[in-house]
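# Understanding the architecture of this molecule
Given next are the chains, with one letter for each unit.
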Amino acid sequence: MAVAVAGVLVAAGAITYAVAEDGGSADAPTAESADAGFARDMAVHHQQAVEMSYIVRDRTKDVEVRRLAYDIAQTQANQRGMLLGWLDLWGLPKVSADAPMTWMGMGDMPSAGEGSLMPGMATDSEMKKLGTLNGKQAEIFYLQLMTDHHKGGIHMAKGCVDKCTVKVEKRLAQGMVDAQQSEIDLMAGMLKERGAKARS
């Protein structure tokens, strides 16, 4: 485990260094750029996925769901660290007065409810509900919430692939698209095994 974690940290450092070389201080993205907007928004989006995953790990003993939740939490926590690290590297703020996803031209979209700042994000009431469920009910609700969450994340990551200019950030975004689509497919099968399906 220690070796694996060390490998992730080394990889994260290598990617951060690559961004420094890729962007260069003179050509660093601006606060209003797609690069900065994606980094800020996806960091927030990822944080909720991490929280959701740790909640379900305490609500079920199912090995398959607990393993998936752990993988998602670790992957998205590491990616979140990279995104925030890049903002530091570029000397840009981690928060913006602009509405989420303004960089995609979607800053005026309606919210799904309190806590749901971007597409796919769960509302505060949904997060609270997840924390009250146990066993199979918790597993199903988590898989449904995370499927929605991944769909919203993929939409945003595709926006970065199209609009971001920092090459390594575009590659990370494409990696998110591929990995999260694969997990959506996996979760569809897990939901079917439990007699349920995605909400949308």
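Cut-offs applied
- Residues numbered from 1 in each chain as written.
- Predicted model: local features only at pLDDT ≥ 70, side-chain atom pairs only at ≥ 80, totals over all residues.
- Heavy atoms only, no water.
- Salt bridge = Lys/Arg side-chain N within 4 Å of Asp/Glu carboxyl O.
- Helix = DSSP H or I, 4+ residues; strand = E, 2+ residues; numbered from the N terminus.
- Buried < 20%, exposed > 50% of the residue type's maximum accessible area, 1.4 Å probe, protein only.
- Disulfide = S-S within 2.5 Å.
- pLDDT = per-residue confidence, 0-100.
- Contact = heavy atoms within 4.5 Å.
- Phe/Tyr/Trp six-rings, centres within 6.5 Å; stacked < 30°, edge-to-face > 60°.
- Lys NZ or Arg CZ within 6 Å of the ring centre and 35° of its normal.

Attention now goes to the pattern of salt bridges. For side chains bearing opposite charge, pairing can occur when the charged atoms are close. Taken as a whole and assessed by the stated rule, the structure comprises seven salt bridges. Aspartate 88 is paired through a salt bridge with lysine 94; the nearest N and O atoms lie 2.5 Å apart. Between arginine 199 and glutamate 126 there is a salt bridge, with its nearest N and O atoms 3.0 Å apart. Highlighted residues: arginine 199 in the segment after helix H6 (167-193) and glutamate 126 in helix H4 (residues 124-130), separated in sequence by 73 residues. Taking the relative accessible area as the measure of exposure, arginine 199 reaches 40% and is therefore partly exposed. For glutamate 126, a relative accessible area of 17% puts it in the buried group. Residues participating in the shared-partner salt-bridge network are Asp62, Glu64, Glu139, Glu193 and Arg194.

Next up on the list: the state of the cysteines. A covalent bond between the sulfur atoms of two cysteines is what we call a disulfide. Applying the stated criterion across every chain yields a total of one disulfide. Sulfur-sulfur distance for the disulfide between cysteine 160 and cysteine 164 comes to 2.3 Å. Across the S-S bond linking cysteine 160 and cysteine 164, the dihedral sits near -120°, which makes this disulfide left-handed. For the residue pair cysteine 160 and cysteine 164, the accessibility class agrees, reading buried in each case.

Take the environment of isoleucine 140 next. Inspection of the secondary structure puts isoleucine 140 in helix H5 (residues 135-163). Overall, the relative accessible area of 16% leaves isoleucine 140 in the buried class. Placed 50 residues apart in sequence, isoleucine 140 and methionine 190 show a C-alpha to C-alpha distance of 8.5 Å.

Chain-level statistics for the protein chain give a pLDDT mean of 89 and a share of 87% at 70 or above. Here residues 1-18 is a poorly scored stretch, pLDDT under 50, and it has nine contacts once near neighbours within four places are set aside; other chains count.

With that out of the way, let us pick up the environment of lysine 151. As for its position among the elements, lysine 151 is in helix H5. Using a relative accessible area of 34% as the deciding quantity, one classes lysine 151 as partly exposed. For the pair lysine 151 and serine 200, spaced 49 residues apart in sequence, the C-alpha separation works out to 9.7 Å. In this structure, lysine 151 is in contact with Ile184 and Ser200, ignoring residues within four places of it in sequence.

This part covers the packing of aromatic side chains. For the coordinates displayed, the defined rule picks out two aromatic pairs. Taking 5.9 Å as the distance between ring centres and 80° as the angle between the ring planes, the aromatic pair formed by phenylalanine 38 and tryptophan 103 counts as edge-to-face. Here the residue phenylalanine 38 occupies a position in helix H2 (residues 34-57), and tryptophan 103 occupies one in the loop between helix H3 (63-90) and H4, the gap between them amounting to 65 residues. The class of phenylalanine 38 is buried, set by a relative accessible area of 0%. Between tryptophan 86 and tryptophan 90, the aromatic rings sit 6.4 Å apart at their centres with planes inclined by 35°, giving tilted as the arrangement. Taken together, the residues tryptophan 86 and tryptophan 90, both in helix H3 and four residues apart, mark about one turn of the helix. Of the two residues, tryptophan 86 and tryptophan 90, neither departs from the other in class, the shared state being buried. One residue, lysine 129, lies across the ring of phenylalanine 141, its end atom 4.5 Å from the ring centre.

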